[in-house]
Amino acid sequence: MIGFPFGLEFSYHSIGQDVRVAKFGFMIKPLMLQGHERAITQIKYNREGDLLFSAAKDAKPNVWWSLNGERLGTFNGHGGVVWCLDVDWQTINLITGGGDSSCRLWDLETGKNIATIKTNSSVRTCNFSYSAYQAAYTTDKAMGHPCEVFIIDTRTVDDSISSQSPILKWEITDSKVTSMVWGTLDETIITGHEAGDLIQWDLRTGKKVHSIKEHNHQINDMQLSRDGTMFITASKDQTAKLFDTSSLELLKEYKTERPVNSAALSPILDHVVLGGGQDAMEVTTTSTRQGKFDARFFHLVFEEEFGRVKGHFGPINSLAFHPDGKSYASGGEDGYVRVQSFDQSYFDYTFDYNRD
């Protein structure tokens, strides 16, 4: 069984506070989901959390029962790596984007590809809006084509989408978009870029509203908090950072010693989980015992690491908390998806601190 190491203890001193971290016991044995032949690129739960979706470099997104790890099906159609996916809030449609220069929409009841949008280059990110009336996707700067952002209407999903003009599209003249989330009330989107910039866009005009640069390297992942008021970024600069969704104000920072590929916020506790590791080309030179591929848990407020979970034999590429907060899933360079449930000691644990 995999668990938090015994004897792990940190201390935190700031403004007269003294925080000590408790010790954990073992966690429940994880589910190992083996359905991909190549590295996992992204995983996501649906809103209820009964389904877990995974995309990988093998061109075949999968859907699983999150409770027991049973694979429900595979979405066949992409001709190359699938970089991104998202499921709408009613679990009716799935959107995927890949290296075969296409963005595809799928009917989740039948598993059929109901619309394919051809693009000029790889689709790097894709997300449904909260209402699912719209979706956004971005393409890479490649083959003489610029990086572009597209907003499409998804209220009626059928073959006609592929021939319709997007509601809005604009070019990104600076570094390409590598991650993206929808903003408050579906009125904005926030893009993370290869150079470390965060940009907020007004969807009524397609104009830039706000831009900040708190990272000095590529932003690999962005995920919203449960209520959408905050989001967390994961960057190659070895940090994850928490921002206010409306103002882009930097709230917290979580530091590691290696590139962070993904970060997720617990929906029920003040906890953050980070995952990453060095580039894939260096994986063969590294032992899994060295702790370079652990999922690392931090306190949201105190920014202190309090636990690690081992398991993957390569960098973690994507992380997601279950919507009920009682488990989390991780997808790695090793091609496995792991679903790890927490035991009672995880929920009983608290940061004890005393004011002087």
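Residues numbered from 1 in each chain as written. Predicted model: local features only at pLDDT ≥ 70, side-chain atom pairs only at ≥ 80, totals over all residues. Heavy atoms only, no water.

As recorded in an unreviewed UniProt entry, the chain goes by the name Eukaryotic translation initiation factor 3 subunit I, listed as coming from Papilio xuthus. According to the UniProt record, the Subcellular location (unreviewed entry) comment for the chain is "Cytoplasm". UniProt lists a comment for the chain under the heading Subunit (unreviewed entry), and it reads "Component of the eukaryotic translation initiation factor 3 (eIF-3) complex." (UniProt positions renumbered as here; feature names shortened; annotations may be inferred.)

J.: Help me understand unusual backbone geometry in this model?
T.: Excluding glycine, most residues fall at negative phi; most peptide bonds, likewise, are trans. Phi is positive for Asp 186, which is not a glycine, with a value near 60 degrees. One can find Asp 186 in the loop between strand E16 (177–182) and strand E17 (188–193). A positive phi angle is found at Glu 303, which is not glycine, with a value near 65 degrees. Following the sequence through the fold, Glu 303 ends up in the loop between strand E26 (295–299) and strand E27 (305–309). Using a relative accessible area of 30% as the deciding quantity, one classes Glu 303 as partly exposed. (Helix = DSSP H or I, 4+ residues; strand = E, 2+ residues; numbered from the N terminus. Buried < 20%, exposed > 50% of the residue type's maximum accessible area, 1.4 Å probe, protein only.)

J.: I would appreciate a short explanation of the environment of Asn 120 in the present structure.
T.: Relative to the elements of secondary structure, Asn 120 occurs in the loop between strand E11 (113–118) and strand E12 (123–128). For Asn 120, a relative accessible area of 46% puts it in the partly exposed group. The spatial distance from the C-alpha of Asn 120 to the C-alpha of Pro 146 is 8.9 Å, given a sequence separation of 26 residues.

J.: How do you make sense of the sheet that holds strand E18 (residues 198–202) when you look at a structure like this?
T.: Sheet strands pair by backbone hydrogen bonding; their relative direction is either parallel or antiparallel. Strand order in the open sheet formed by 4 strands is E16-E17-E18-E19, with antiparallel pairing between adjacent strands. Sheet topology places E16 and strand E19 (207–212) at the edges, where each strand pairs with a single neighbour. With direction set aside, neighbouring strand axes in the sheet form an average angle of 25 degrees. (Pairing = 2+ DSSP bridges. Axes fitted to C-alpha atoms, helices over the stretch in contact; angles between N-to-C directions.)

J.: Explain the side chain of His 271 to me, please; I cannot follow it from the model alone.
T.: By the element assignment, His 271 lies in strand E25 (residues 271–276). Its relative accessible area of 5% is what places His 271 among the buried residues. Residues within four places of His 271 in sequence aside, it is in contact with Ala 264, Leu 265, Ser 266, Phe 298, Leu 300, Phe 306, Phe 321 and Tyr 346. (Contact = heavy atoms within 4.5 Å.)

J.: Where do I start with the environment of Ser 341 in this structure?
T.: In this fold, Ser 341 is placed in strand E30 (residues 337–341). Separated by 16 residues in the primary sequence, Ser 341 and Gly 325 place their C-alpha atoms 9.2 Å from one another.

J.: Looking at this structure, I do not really get the packing of aromatic side chains. What am I missing?
T.: Aromatic ring pairs are defined here through the distance separating the ring centres and the angle between the ring planes. Throughout the structure, instances matching the rule amount to 16 aromatic pairs. With a centroid separation of 5.8 Å and an interplanar angle of 25 degrees, the aromatic rings of Tyr 328 and Phe 342 are classed as stacked. In this pair, Tyr 328 is assigned in strand E29 (residues 327–332) and Phe 342 in the loop between E30 and helix H1 (344–348), connecting sequence segments 14 residues apart. For Tyr 328, a relative accessible area of 3% puts it in the buried group. We classify Phe 342 as buried; its relative accessible area is 6%. An aromatic cluster is defined as three or more aromatic residues linked by ring pairs; in this entry it consists of Phe 297, Phe 306, Phe 321, Tyr 328, Phe 342, Tyr 346, Phe 347 and Tyr 349. Above the face of the Trp 83 ring, Arg 124 is positioned so that its terminal group lies 4.2 Å from the ring centre. (Phe/Tyr/Trp six-rings, centres within 6.5 Å; stacked < 30°, edge-to-face > 60°. Lys NZ or Arg CZ within 6 Å of the ring centre and 35° of its normal.)

J.: Got a minute to help me understand the environment of Ile 316 in this structure?
T.: The topology assignment puts Ile 316 in strand E28 (residues 316–321). In this structure Ile 316 comes out as buried when scored by relative accessible area, which is 1%. Linking Ile 316 and Gln 278, residues 38 residues apart in sequence, is a C-alpha distance of 9.6 Å. Once you skip the residues sitting within four places of it in the chain, Ile 316 turns out to touch Asn 261, Gly 275, Gly 276, Phe 293, Asp 294, Ala 295, Ser 330, Gly 331 and Gly 332.

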